[in-house]
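Chain by chain, the residues run as shown.
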Amino acid sequence: MEAYYDVMYADTPQKIKCMDPCFSTLFGGMGNDNGPLAIARDETRNKALQNSFYVLKLVLLVGYDRKGHEAAFRRSINTQVESFLNDHGEVETKQKEFLSNRGRIPKAIIDPESYLATLENLEVAVNSYVKAPLMVLVDEVDRAPMTGLTSEAEEEEGRRRYNDAVEAMSGLFVWLKGMVGKCGNRYFITGITPISPTDSLIFNGVTRLTFDPDFANMLGFTEDEEKAVLEHVARIDPNTPDFERALDVARDCFNGYFFAGADEAVYNPQLVLRYAEMYAEGLLKS
């Protein structure tokens, strides 16, 4: 999703020529080569949204930090925003230009004392100064609370750690709810949300996709896409025994995921792409 939506991956002639990461090299579309992914061949997709967002990708803490989870959570968010700013240098440049032209002193986007202040500063910088929509992708939303709850501790202590982890991230969800819709902002969350909708108004109006059949194959490769990856990325001729052997390995190792409403198993995209890249590099050929 980051590569599909982020302006950083928009096509340019130089990127395509040098095979740098961009929509065409990642999804297809160069010349007559439609690429391995169905999305590149889907004429019904809203192409106006493609590579039109500034995408902030947040991977939440995967474990509970016993030394001070709230501080660790704050540092983690700020570090990832810093990485975003390094990749999208024009955000700080536009902010400084905008404020300086109005006789105001630009302030740092990252607030070391408050990750919420950091996120709010970033939202203003992208929406008001760059005049672009912000998309936030949040992953591992459940890991820290679950780790705290199931860690080797007495039941009461485990519950305290769980609540501590949930409280640290609750402000993030409040911010997400407030930013969505403004200037076309969006967010997408993966994980088993530990905050119950009955305990909070944060998730009023949220669209849950987990059990929607229309999205059953969204987060995996279908077999047709897997075959296309072997052809386009691993560069294996589909009419050779090598292709069938490579496909058998992929079936054994990388598929088997059935989401609600799916009519076929899907393949793990990250593992499949690495497998294909290693094959193309000659590391897996027999």
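Anything mentioned here points back to the structure above.
None of these values were measured; they are calculated from a predicted model.

Asks: Explain the side chain of asparagine 51 to me, please; I cannot follow it from the model alone.
Replies: Looking at where asparagine 51 falls in the secondary structure, it is placed in the loop between α4 (38-41) and β1 (54-59). On the basis of relative accessible area, asparagine 51 is assigned to the buried category, the value being 10%. At 3.0 Å, the side chain of asparagine 51 and the backbone oxygen of aspartate 6 are in polar contact. Not counting residues within four places of it along the chain, the set of residues in contact with asparagine 51 comprises Ala3, Tyr4, Tyr5, Asp6, Val7, Tyr9, Ala10 and Phe23.

Asks: Hey, could you run me through the sheet that holds strand β3 (residues 186-189) in this one?
Replies: Remark on secondary structure: sheet strands pair via backbone hydrogen bonds, oriented parallel or antiparallel. One open sheet accounts for three strands, arranged β1-β2-β3; its pairing is parallel. Edge positions in the sheet fall to β1 and β3, since each of these pairs with one other strand and no more. Taken over all neighbouring pairs, the strand axes of this sheet differ in orientation by 15 degrees on average, direction set aside. Sheet topology note: the strand β2 (residues 134-139)/β3 ladder contains four bridges and is parallel. In the strand pairing of β3, methionine 135 is matched with arginine 186. Contacting β1 and β2, helix α7 (residues 115-130) runs over the sheet at an angle of about 165 degrees to β1.

Asks: What should I look at first to understand the packing of aromatic side chains in this one?
Replies: Between two aromatic rings, the relevant description is the distance of the centres plus the angle of the planes. Inspection of every chain in the model, using the stated rule, returns eight aromatic pairs. The interplanar angle of 85 degrees and the centroid separation of 5.8 Å between the aromatic rings of tyrosine 4 and phenylalanine 27 together place this pair among those described as edge-to-face. With tyrosine 4 in helix α1 (residues 2-5) and phenylalanine 27 in helix α3 (residues 23-27), the pair connects residues that are 23 residues apart, well separated along the chain. Judged by relative accessible area, phenylalanine 27 falls into the buried class, the value being 10%.

Asks: Would you take a moment to explain helix α5 (residues 69-87) for this structure?
Replies: For an α-helix, the turn length of 3.6 residues means that residues three or four places apart are oriented alike. Between its first and last C-alpha, α5 extends 27 Å over 19 residues, near the 27 Å set by a 1.5 Å rise per residue. Looking only at α5, the buried set comprises His69, Ala72, Phe73, Ser76, Ile77, Asn78, Gln80, Val81, Phe84 and Leu85.

Asks: In this structure, what is going on with the nonpolar core? I would like to understand it.
Replies: One broad trend across soluble globular proteins is that nonpolar side chains are buried collectively. Of all hydrophobic cores here, the largest spans 31 residues; its most connected members are Leu56, Leu60, Val91, Leu122, Val136 and Leu172. When residues of this core are traced back to their parent elements, those giving at least two are β1, α5, α6 (90-101), α7, β2 and α9 (155-179). Discounting residues that sit within four places of it in the chain, valine 136 has contacts with Leu56, Leu58, Trp175, Leu176, Met179, Arg186, Tyr187 and Phe188. Among the nonpolar cores identified, the runner-up in size contains 28 residues, and Leu37, Phe188, Phe221 and Ile236 belong to it.

Asks: Please explain the packing of α5 against α7 as it appears in this structure.
Replies: To characterise two packed helices, one gives the angle between the axes of the helices and the distance between these axes. Axis separation between α5 and α7 bottoms out at 9 Å; the angle between their running directions is 20 degrees. Relative to α7, α5 is oriented roughly parallel. Taken as a pair, α5 and α7 cross one another with a handedness that is left-handed. Facing α5, whose interface residues are Phe73, Arg74, Ile77, Asn78, Val81, Phe84 and Leu85, α7 presents Tyr115, Thr118, Leu119, Leu122 and Val126. Residues that form the contact of α5 with α7 fall into these classes: nine nonpolar, two polar and one charged.

Conventions used here
- Residues numbered from 1 in each chain as written.
- Predicted model: local features only at pLDDT ≥ 70, side-chain atom pairs only at ≥ 80, totals over all residues.
- Heavy atoms only, no water.
- Helix = DSSP H or I, 4+ residues; strand = E, 2+ residues; numbered from the N terminus.
- Buried < 20%, exposed > 50% of the residue type's maximum accessible area, 1.4 Å probe, protein only.
- Polar contact = N/O pair within 3.5 Å; in protein donor to acceptor, adjacent residues only side chain to side chain.
- Contact = heavy atoms within 4.5 Å.
- Pairing = 2+ DSSP bridges.
- Axes fitted to C-alpha atoms, helices over the stretch in contact; angles between N-to-C directions.
- Phe/Tyr/Trp six-rings, centres within 6.5 Å; stacked < 30°, edge-to-face > 60°.
- Expected span 1.5 Å × (residues − 1).
- Core = buried A, V, L, I, M, F, W, Y, C linked by side-chain atoms within 4.5 Å.
- Parallel < 35°, antiparallel > 145°, perpendicular 65-115°, else oblique.
- Left-handed = near helix turned anticlockwise from the far one by under 90°.
- Nonpolar A, V, L, I, M, F, W, Y, C, P; charged D, E, K, R; others polar.

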